[in-house]
Amino acid sequence: MISHRHLSILELVPIAPSSISTHQLQQKLLERDFDISIRMLQRDLQSLYEQECFGIEKDTRSKPYGWSINAQWRGGNAKIMGSEVAQHYLLLEQLLPQSVPRDVKQSVRIKAEQALKRFNGHLPDWLSTLPKPPLKVNIDSKLVAQIEHAIKHKRAVSAELYRVLYDEAYWLKFAELSFYNLVEQGGVLMAQFMVGELHDKCYQMPVYRIRNVHILQKTRREPSNEQLKSLRSAINKGMSQEAIELIVKVPSHSAVNQGFIELGEQTDKQQIDDKNVLLTYQAIDTEQLTDELFKCAHWLEVIQPERIRKRITTKLKAAASNYQ
């Protein structure tokens, strides 16, 4: 809450030569549901002033003191964010703890997106080298509970699975699935299952690609040892199974940005200009993922990890040489 309150104070303090008194600021904060005492507000203002990194100035020529933001510190135009304040908003976003309320994160995110534009979508070197907090992926706990219930009571289910067919993405309805295990693989929760009554293969899919699970009054199918062995072989074949943070640059109108093509569990989205966005995913490094990225390479750019970017570059060079 302190970070949120300080952010609100910085937004309400006007740019010089205008100024605001502590009592006036207290009333404006009250309109934003911050009911704080004059003494606490004075301490907040003094703290922000002493940090010398937010452009706050105080006029001590008369009482009550007037508080303002140095006009030159913001470039003389409130619509243009100066590089100094941009760096501080980007730093604030990186240091924000996971436990803060969602509306606080959203407020900081809006400012950070504006700040990123100030640097043309690229973090300053000193910011990009800061260690990142552990990645946390939101999982639909109700969905997981349904799958766990079906596994425990050996029930078949109906559900929708996210599938990509001929470069188009669909949610496909399956009348009968038999879930028999949940495993964590590379930081991603995976469901293992069989399809229908006759299909003899076992499959594995991230839980985030499953929705609308309904438990049926029917006993599930049990996989044989050979079927389980075949699944393990398929999982291990040609896959590093390493969890990665995948960052891609895509057009705002693209199928990826619209959610029709999923590359993993999306954890971040930043609008970098009028036409492009940066998307961050938690994904598993597989040949299938590389192939999916390569198919979109004429409009999608892999930013990180560097090794996947190099793989795509190698494939593009090989493809270009075939047409020379």
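1. Quick word on the overall build of the chain
Within the chain, the regular secondary structure consists of 10 helices and 11 strands. A buried classification covers 41% of the 324 residues belonging to the chain. Counting only contacts in the chain whose residues sit at least 6 apart along the sequence, the fraction spanning at least 24 positions is 58%. Surface accessibility of the chain: about 19300 Å² in total, with carbon and sulfur atoms responsible for 49%.

2. Focus on unusual backbone geometry
Cis geometry marks the peptide bond from alanine 16 to proline 17, where omega comes out at 15°. Along the polypeptide, proline 17 turns up in the loop between helix H1 (2-12) and helix H2 (22-31). The step from glutamine 304 to proline 305 runs through a cis peptide bond, and the omega angle for that step is 0°. Position of proline 305 among the secondary structure elements: in the loop between strand S11 (301-304) and helix H10 (306-322). Unlike most non-glycine residues, lysine 154 shows phi in positive territory, near 55°. In this fold, lysine 154 is placed in the loop between helix H7 (141-152) and strand S3 (155-165). Positive phi values are uncommon outside glycine, yet asparagine 212 reaches one of about 50°. The topology assignment puts asparagine 212 in strand S7 (residues 210-219).

3. A word on the environment of alanine 191
Relative to the elements of secondary structure, alanine 191 occurs in strand S5 (residues 188-195). Sequence separation between alanine 191 and proline 206 is 15 residues; the distance between their C-alpha atoms is 6.1 Å. Residues within four places of alanine 191 in sequence aside, it is in contact with Phe179, Asn181, Leu182, Tyr203, Gln204, Met205, Val207 and Ile210.

4. With respect to the pairing of strand S1 (residues 56-59)
Relative to strand S2 (residues 66-69), S1 is paired through 4 bridges, and the arrangement is antiparallel. Across the sheet, the residue bridging to glutamate 57 is serine 68, located in S2. Linkage of S1 to S2, two consecutive antiparallel strands, is achieved through a turn of 6 residues.

5. Re the packing of helix H9 (residues 287-295) against H10
Pairs of packed helices are described in terms of their axes, by the angle between the two and the distance that separates them. Put simply, H9 and H10 touch, their axes get as near as 10 Å, and they point 55° apart. Taken as axis vectors, H9 and H10 run oblique relative to one another. In this structure, H9 crosses over H10, and the sense of that crossing is right-handed. Where H9 approaches H10, its residues Thr290, Asp291, Leu293 and Phe294 are matched on the opposing element by Ile308, Arg311, Ile312, Lys315, Leu316 and Ala319.

6. A word on the pattern of salt bridges
Under the counting rule described, the total for this entry stands at 10 salt bridges. Note that lysine 315 and aspartate 291 form a salt bridge whose closest N and O atoms lie 3.7 Å from each other. Of the two residues, lysine 315 is situated in helix H10 and aspartate 291 in helix H9; the sequence distance between them amounts to 24 residues. What makes aspartate 291 partly exposed here is its relative accessible area of 37%. Here the salt bridges share partners, and the residues they tie into one network are Glu176, Glu197 and Lys218.

7. Quick word on the packing of aromatic side chains
Summed over all chains, the structure comprises 3 aromatic pairs. Arranged with centres 5.6 Å apart and planes meeting at 65°, the rings of phenylalanine 179 and phenylalanine 193 form a pair that is edge-to-face. Here phenylalanine 193 lies in strand S5 and phenylalanine 179 lies in strand S4 (residues 168-185), a separation of 14 residues in the sequence. Across this residue pair, the class does not change: phenylalanine 179 and phenylalanine 193 are buried.

8. Section: the confidence of the model for the chain
The pLDDT averaged across the chain works out to 78; a share of 76% of its residues lies at or above 70. The lowest-confidence element of the chain is helix H6 (residues 125-128), averaging 63 in pLDDT; the highest-confidence one is S7, averaging 92.

9. Focus: the side chain of glutamine 270
Of note, glutamine 270 is situated in strand S9 (residues 265-271). Looking at glutamine 270, the relative accessible area reads 17%, which means it is buried. Apart from residues lying up to four places away in sequence, glutamine 270 is in contact with Glu113, Leu116, Val277 and Leu278.

10. Quick notes on the side chain of glutamate 160
Mapped onto the elements, glutamate 160 comes out in strand S3. For glutamate 160, a relative accessible area of 16% corresponds to the buried category. Looking at glutamate 160, its side chain comes within polar contact range of the side chain of arginine 211, at 2.6 Å. Separated by 3.3 Å, the side chains of glutamate 160 and asparagine 212 make a polar contact. Setting aside chain neighbours within four positions, we find glutamate 160 in contact with Trp171, Leu172, Lys173, Arg209, Ile210, Arg211 and Asn212.

Conventions we followed
- Residues numbered from 1 in each chain as written.
- Predicted model: local features only at pLDDT ≥ 70, side-chain atom pairs only at ≥ 80, totals over all residues.
- Heavy atoms only, no water.
- Helix = DSSP H or I, 4+ residues; strand = E, 2+ residues; numbered from the N terminus.
- Buried < 20%, exposed > 50% of the residue type's maximum accessible area, 1.4 Å probe, protein only.
- Contact = heavy atoms within 4.5 Å.
- Areas by Shrake-Rupley, 256 points an atom, 1.4 Å probe, with all protein chains shown as cover.
- Pairing = 2+ DSSP bridges.
- Axes fitted to C-alpha atoms, helices over the stretch in contact; angles between N-to-C directions.
- Parallel < 35°, antiparallel > 145°, perpendicular 65-115°, else oblique.
- Left-handed = near helix turned anticlockwise from the far one by under 90°.
- Salt bridge = Lys/Arg side-chain N within 4 Å of Asp/Glu carboxyl O.
- Phe/Tyr/Trp six-rings, centres within 6.5 Å; stacked < 30°, edge-to-face > 60°.
- pLDDT = per-residue confidence, 0-100.
- Polar contact = N/O pair within 3.5 Å; in protein donor to acceptor, adjacent residues only side chain to side chain.

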